[in-house]
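# Geometric and topological summary
Spelled out from the first residue to the last, the chains are:
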Amino acid sequence: MVKRQRISITGRVQGVGFRPAVYKIARGLGLSGVVYNDTKGVTIELQGKEEKIAEFLVRLRSDADKPPLAEIKSCDVVEIPVIEAEGKFTIQTSDSQGSPLSQVTADIATCRDCLGEMADKEDFRYGYPFINCTNCGPRYSIVKSIPYDRPNTTMSVFEMCDKCAAQYTEVTDRRFHAQPVACGECGPKIRLTDNKGKTIETQTEKVIAETAHLLSAGKIVAIKGIGGFHLAVDALNNKAVERLRERKKRDHKPFAMMADSVEKIKKYALVSEPAEQLLKSPQSPIVLLPKKRNSSIAPSVAEGVSTYGFMLCYAPLHYLLFEQLNECGTDVLVMTSGNISDEPLICKNELAIERLACVADAFLMHDREIYRQVDDSIVHFVDEQPVFLRRARGYVPSPIFTEENCRQDIFAAGADLKNTFCFAKQNQFICSEHIGDLEDAEVYHHYINSIEHLRKLFEVEPKVVAYDLHPGYLSTQHALSLEGLRAIGIQHHWAHIASVLAEHGLSGPVIGLAADGTGYGTDGAIWGCECLIASLDKFERFGHLAYYPLAGADKASKEAIRPVMGLLKKTYGDQSSCHCERSEAISINKFGWLLERIEADANKQKIISEQIKKRINTVETSSLGRVFDAVAAMLGLGSYNYFEAQLPMALEAAIENEIEEHYDFDLINEAGKPLKLDLGKMVKQLIADIREEKTVSVISAKFHNCLAAGLLEMAKAARESTKLNTVALSGGVFCNRYLTIRCIKLLKKTGFSVLFNRDVPSNDGGISLGQAAIAAKQV
Ligand SMILES: [Zn+2]
Ligand SMILES: [Zn+2]
């Protein structure tokens, strides 16, 4: 019997070759009808025999027929009247059905089909460094405005040749409406220049061969990729890597590396099955992998950490380059962001030459403009789940879908460190890529521009702005400067927990454990380690790490001596029955041997001691990040965070074997006040262990275990009081794998169900999503 059905599909179904796939299946089954994009996704009207329509629905979801990048979120089918004598199945391409949310998708690694063609001497794109199709290639990074159509991308300056145009317009072709379609005849080209931008070579094969030659000889080459420039150097050549470090003014932060196969990565790092899948995924992020012992990677690539960050080639140019590198005997490259220290990633040719001339020996350039810089995403594994440390290329601007429609458009400004911002519109949260630390003037400028770009791209008209309570945040100041918007201030750690709720489509309440560096609290103190009974509507502070004094504002997150002295004061100062004067003297004299390990002269110690005593430039804090700094410094692992969380990472890396012992702690329950996790006993036992010269590995493990045990007890107390059984973990300290895995294990063993961030980072990169989710409940 002939029937007609209307099928409404939501999910990632626009701009991913969905309509051509529908067309192919429908025609193959002899069905008539039409497919078109609408405001929510794709609508299909199908007419034909009932069993054929049923078969269509099965095949649409099958791996063989579904476009690789498509993701079907929901699929509603209703029966509608049959149309007599309809004829064939057609694609309606005009998109006249209202304004689509956006067809802009993320930048995607080169697909297998394109790699095959690139290696095929018979193909007209043989050896072409910009080969792409509907299933792969640049998207977000080349879009200037909507609708997503070639004239609105940086490909507009390249006129398609007849061969490319034929594929672009053929509805059954893999390149149908693939906006960046090009070939050697009509598309972008590469060239090699010296460090002043003077062209050395333009012939594609020679450019690549010469670049490989330079890299093998230990030179630094700036390579223009998809989201910006990389600075590349042979990862096995320590001298070359050190030279890059020196020139880039990046003293310590680990460098990411690139290889052309998982087999090669396995020579240097341990690659689990899920990690391998992720490396090979279309998103192609940097994956943090445990180092193999005695690997031949240059030591200065990643010192003081236990992992290497590896990614696979993701642009055709990378593959062509590695083919040549293999001939020269070079295995893997350092591929670090093309910028100076913490400035934004550079993506424009002129700026690259201006700023990177002092770093790179040569430039591998091309003339396809990158409109938006997008950093590489960074992911690691927790509890067998991939977890973001940085969400950018490959994932942005893919939205996070919600069940309920947001009644008004919302702009969430994010936090100041590792900033991202977020828009809420209809049933989507659209999170920006990693923007960076706003205190850098260039990054702040980039932030302001990015907000406007993404707003236009997704046609958002915010009526509400959500911001962090910290009055000193630049993001907060920007949010409050926006006129005509309703402003909603949101506590930092509540936003962290809300980000977990939003990702999981929940509204709470849950027991939220935020383990974090610093965030402004509602009592004016600097919060950090918090147990919140939180929903998207409200939160209550159930417990927190007992406050300790922290002197020196911004310096406190860099100089470990500050939290060390704060914790000593808290632990020993308060015990003394006499007044501060004497106890200070006791502290410093008694712990002289300990403080000697930390780079800070006696004068500085005295000043900090005075500051704490007189509460000058000193805050009360429950920051957990700073406790990590202090412990790392007392163990002699360093005295300064040259990059964020350097000392905590060194402390985690020091753990060699899992041990079960932990230091003691107290939970202090005072009527009418939040429960306090007091680490005084931990500090004392830890210092005794240092005195007894226990190994750093053991002390570090006992410290981590103490925190996990303390957080567990906090959660149990919260369960006792609220009868809630779900715990949500978030905050920057949960970028620490050891702590996170242990917390999850202990909580699960105690019968809790545990949620943590998977779609956005648990660090401050996830704050904007939480802000948007909370604000969405209030409009
Ligand atoms: Zn492709
Ligand atoms: Zn062409």
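The present account deals with the structure reproduced in this document. Keep in mind it's a predicted model, so treat the numbers as computed, not measured.

### Quick word on the sheet that holds strand 11 (residues 286-290)
- Reading across from one edge, 7-6-14-8-9-13-10-12-11-15-16 is the order of the eleven strands in this open sheet, with mixed pairing throughout. Edge strands, defined here as strands with exactly one partner in the open sheet, are strand 7 (199-201) and strand 16 (385-390). With strand direction ignored, the average angle separating the axes of adjacent strands in the sheet is 35°.
- In this structure, strand 6 (residues 190-194) lies alongside strand 14 (residues 362-366), joined through five bridges in antiparallel fashion. From the neighbouring strand, Leu 192 faces strand 14, where its bridge partner is Leu 364.
- Along the sheet, helix 5 (residues 204-216) contacts strand 6, strand 7, strand 8 (221-224), strand 9 (229-234), strand 13 (333-337) and strand 14; its crossing angle with strand 6, the most-contacted strand, is approximately 45°.
- Sitting on the sheet, helix 10 (residues 349-356) is in contact with strand 6, strand 8, strand 9 and strand 14, with an inclination near 170° to strand 14.

### Details of the coordination of the zinc ion (ligand 1)
- The protein atoms that coordinate the zinc ion (ligand 1) are Cys 111 (SG), Cys 114 (SG), Cys 133 (SG) and Cys 136 (SG), at distances spanning 2.3 to 2.4 Å.
- Its four donor atoms give the zinc ion (ligand 1) angles of 103 to 118° at the centre, a pattern that matches the tetrahedral case.

### Considering the side chain of Asp 629
- Inspection of the secondary structure puts Asp 629 in helix 18 (residues 625-634).
- Separated by 3.1 Å, the side chains of Asp 629 and Asn 641 make a polar contact.
- Ignoring any residue separated from it by four or fewer positions in sequence, one finds Asp 629 in contact with Ser 557, Ala 560, Pro 563, Asn 641, Leu 647 and Pro 648.

### Focus on the coordination of the zinc ion (ligand 2)
- Surrounding the zinc ion (ligand 2) are the protein donor atoms Cys 161 (SG), Cys 164 (SG), Cys 183 (SG) and Cys 186 (SG), at 2.3 to 2.4 Å.
- Taken together, the four donor atoms coordinating the zinc ion (ligand 2) span angles of 103 to 114° at the metal, a pattern that classifies the geometry as tetrahedral.
- Read in sequence order, the donor residues coordinating the zinc ion (ligand 2) give the pattern C-x2-C-x18-C-x2-C.
- Under the relative-accessibility criterion, Cys 186 is labelled buried at 11%.

About the thresholds
- The numbering scheme is per chain: residues are counted from 1 as the chain's sequence reads.
- Throughout, the order in which chains and ligands are written sets their labels, letters from A for the former and numbers from 1 for the latter.
- Whole-chain, interface and lining totals are the exception, using all residues; otherwise, since this is a predicted model, local features are given only for residues with pLDDT of at least 70 and side-chain atom pairs are given and counted only at 80 or more.
- Neither water nor hydrogens contribute to the side-chain values; these are computed over all heavy atoms in the structure.
- For two strands to pair, DSSP has to find at least two bridges joining them.
- Helical segments are the DSSP runs of H or I of at least four residues, strand segments are the runs of E of at least two, and each set is numbered from the N terminus.
- Here, axes are lines fitted to C-alpha atoms. For helices the fit covers the stretch in contact, and angles between N-to-C directions go from 0 to 180 degrees.
- Two residues qualify as a contact provided that any one of their heavy atoms is within 4.5 Å of a heavy atom in the partner residue.
- Donor criterion used throughout: N, O or S atom within 2.8 Å of the metal, extended to 3.2 Å for Na, K and Ca. Water excluded; incomplete-looking sites may result.
- Any coordination sphere not matching a tetrahedral pattern (four donors, all angles between 85 and 135 degrees) or a square planar or octahedral pattern (four or six donors, opposite donors over 155 degrees apart, other angles between 65 and 115) is reported as irregular.
- Each polar contact in these results corresponds to two N or O atoms within 3.5 Å; when the atoms are within protein, one needs to be able to donate a hydrogen and the other to accept it, and residues that are neighboring in sequence are counted only if both atoms are side-chain atoms.
- Partly exposed residues are those whose accessible area sits between 20% and 50% of the maximum for their type, while under 20% is buried and over 50% is exposed, using a 1.4 Å probe and protein chains only.

No statement about biological role is implied by the geometric values presented.
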